[in-house]
Amino acid sequence: MPLTYRIWFAIGLLVSVTIADLVQPGQYDYGFNVDLRLRKREPSQSSIVTGLPRVNGQIPPRPDIRDLQRDEDKWNLYILALSWMQYTDQQSPFSWYQITGIHGAPALTWEGVDPTPGNEHSGYCTHVSILFPTWHRPYLALYEQVLYNTVQFIVSFYPPDLQVRFQKAAATFRIPYWDWAAAPPDGDSVLPLIVGGPPTINVSGPNGVQSINNPLFSYIFRPFNGSTFPDFPYNAWRETKRAPRPINSPNATSNNSFVASALDTHLPSFQQRLYNIFTNYPNYTTFSNEAWIPSDNNGTYDSIESLHDVIHTVGGGVYGHLAIIAYSGFDPLFWLHHTNVDRIFTMWQVLHNDTYVVPQPAVYSSHTTSPEEIEDSHTNLTPFFSNETHFWTSEMVRDHEVFGYTYADVANKSRAEVVTLINNLYGNFSPTSFFLRPGTSQRHSSRHDEDLNRRKLPRVNGLSWNSQTSTRPSLSAVFNGDKYREWIANIRVSKHAMGGSFSIHLFLGEVPSDPLTWPVAPSLIGTLGIFAHKGVHGRGLGRIVSGTIPMTSALMQMVALGRAPSLNVDDIEPFLKSNLEFRVSLTDGTTVDAHEVNGLCISIASSIVRAPKSDDMLAEWGKMESHFDLFV
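Quantities reported herein were computed from a predicted structural model and do not represent experimental measurements.

**Q** Help me out: how do you make sense of the pairing of strand E15 (residues 601-610) in this one?
**A** The two faces of a sheet get side chains in turn, since along a regular strand they alternate between them. Of all 10 residues in E15, 8 are buried, a share of seventy percent or more. Bridge count for strand E9 (residues 483-494) against E15 is 10 bridges, and the pairing is antiparallel. The residue of E15 that forms the bridge with Lys483 is Arg610. The sheet contact formed by E15 and strand E17 (residues 625-631) spans 5 bridges and is antiparallel. The partner of Ser606 across the bridge, within E17, is Glu625. In this sheet, strand E16 (residues 620-621) lies alongside E15 in antiparallel orientation, the contact comprising 2 bridges. Looking across to E16, one finds that Arg610 is bridged to Glu620.

**Q** Would you mind going over the pattern of salt bridges with me for this structure?
**A** Tallying each qualifying case throughout the model produces 18 salt bridges. Two residues, Arg242 and Asp331, come together in a salt bridge whose shortest N-O distance is 2.9 Å. Within this pair, whereas Arg242 is found in the loop between strand E3 (208-213) and helix H9 (256-280), its partner Asp331 is found in the loop between helix H11 (304-315) and helix H12 (333-351), the two being separated by 89 residues in sequence. Classification of Asp331 as buried rests on a relative accessible area of 0%. For Glu581, the salt bridge goes to Arg583, with nearest N and O atoms at 3.4 Å. For Glu581, a relative accessible area of 32% translates into the label partly exposed. Exposure remark for Arg583: the relative accessible area of 30% places this residue in the partly exposed category.

**Q** How should I be thinking about helix H17 (residues 552-560) in this particular structure?
**A** One turn of an α-helix holds 3.6 residues; hence residues three or four places apart share an orientation. Burial analysis of H17 places 8 of its 9 residues in the buried class, which makes it a mostly covered element. All of the buried residues in H17 are Thr552, Ser553, Ala554, Leu555, Met556, Gln557, Met558 and Val559. Downstream of H17 by one or two residues, Gly562 has phi in the positive range, about 85°.

**Q** It is not clear to me how helix H4 (residues 72-87) should be interpreted in this structure. Could you clarify?
**A** With 16 residues, H4 ought to run about 22 Å at 1.5 Å a step, and its terminal C-alpha atoms sit 23 Å apart, in line with that. Burial analysis of H4 places 14 of its 16 residues in the buried class, which makes it a mostly covered element.

**Q** Honestly, the packing of H9 against H12 in this entry has me stumped. Any pointers?
**A** In helix packing, the relevant descriptors are the interaxial angle and the interaxial distance, both defined with respect to the helix axes. Between H9 and H12, the least distance of the axes is 10 Å, while the angle of their chain directions is 30°. Judged by the angle between their axes, H9 and H12 are roughly parallel. Counted together, Leu274, Ile277 and Phe278 of H9 and Ile344, Met347, Trp348 and Leu351 of H12 form the full contact between these two elements. For the contact of H9 with H12, the class distribution of residues is 7 nonpolar, no polar and no charged.

About the criteria used
- Residues numbered from 1 in each chain as written.
- Predicted model: local features only at pLDDT ≥ 70, side-chain atom pairs only at ≥ 80, totals over all residues.
- Heavy atoms only, no water.
- Buried < 20%, exposed > 50% of the residue type's maximum accessible area, 1.4 Å probe, protein only.
- Helix = DSSP H or I, 4+ residues; strand = E, 2+ residues; numbered from the N terminus.
- Pairing = 2+ DSSP bridges.
- Salt bridge = Lys/Arg side-chain N within 4 Å of Asp/Glu carboxyl O.
- Expected span 1.5 Å × (residues − 1).
- Axes fitted to C-alpha atoms, helices over the stretch in contact; angles between N-to-C directions.
- Parallel < 35°, antiparallel > 145°, perpendicular 65-115°, else oblique.
- Contact = heavy atoms within 4.5 Å.
- Nonpolar A, V, L, I, M, F, W, Y, C, P; charged D, E, K, R; others polar.

This is the structure in structure tokens:
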């Protein structure tokens, strides 16, 4: 864990307990004269999601949050707009409370889009649904539009001599994403310090530099209504929490240093899953959502939704707001996370542009959808208006540029260029990075080991062969020619088996006795986070969802350490049978007997994969082979 996180956690313990009760620091003070003007007008907003304007004929990209932070003017406008939105009266449909509340709690009806009968207690979000990626696209566009309009409004308060400068920054403003699967800059955590570090932040605005509540650290409810959260301790927490400690205490504080360490530990798993999805999931139906589709193909257990789920559970520190579907939208990290999910969706679309939404029955209810109702590319993505009378549909949002944004990873890029980016960003823990040198199309040579040593390797806490602190196995123990074997744990389970979110952890070797330490355990291979509603939700409680935990990088480390001779079946299968362990835990750290988890099945599978011949090509997967059931 970076030292900066340990320092800020100590400060946070002193500050965050009472931050919701402090008058100062709080909202940015725009000055007395400005306050008079504010009483007469607010940012111009609309419930119609129009998309943002082009700038000189070009579509501005959504930036990585670390890159945005380096753009001083745009960064200050972003922080000011976030703070403004969070301090907007909760009765306003464009407040943080109501925009984020569209997702789940408090199951409000937004802008007159009424619930269908029986769905009054559900939010609008679609989960375990063919619409999962497409519904969130106009949702993010609405959020972006509200922030964009707020940014333009704030610029009007700058002195005349600064107007042109800040108008230029505001014109290209787009919301940032947080890339939780890419290796962070050296010395940083996967969790940016600005998100999980200080609970206050210095921001430069029209009335000078001031210290305000950090709008990325938490959201403070104003006023707090405990009925929004029907269960303790959420109904006692006046601000959003991550990894709250002590658990089940009304006075819990966020332990962002633990979240940062857990994300760092999981980085190899996150990255392997994403790389596998890019390379082995060419069909939209299996890519889009986590509903388990029984078939003879055991190579389609994963999905972008399932991977997204574990970012929620780990990023929320297991027990924080982010880890609960209905509460997650209130945490500012939700928006950084989902913008990255949309970015991944756009990259995947470049690779596989011939497959899209097909009719599927809804599994769970939303505010306007009932279970078994057929969803397709023409289903209304409520409550997002495209005009006064109609809603956006998946067919209408297939091209993300309709909303006036793009990403640098796909803008004016060919498929080969996007593949190159994927190999370089997300292939670090795959054997393909052993076989290929980034940025070239040359094959393995006698200089390969020397080149690997010169490469800048990521610093990670998790089990991995390719980090600054790990040992690398021999090429012959991994490859047979240009092929290697990918090892995966396929997991399926009832989404609501435990009446709320829970986690399935996979270990190699000793499992720590304290379940609260499992997300950061040195022996942890990875976690499957089950992102669920608390209590009873809908009528699909028995629905099975699926996901994977890749094991190849951890096994390559075992090979490098001499604990297994190679990745071959004859070596790995007995090794796994002797050393592979799993545990199940609830959000509060309570351990669960696996036999009490409805529908749980963990099976071990592998596939022969052909490494790409150049970095602008994808790896080629063979048929998935089943080996043994770890639990059934």
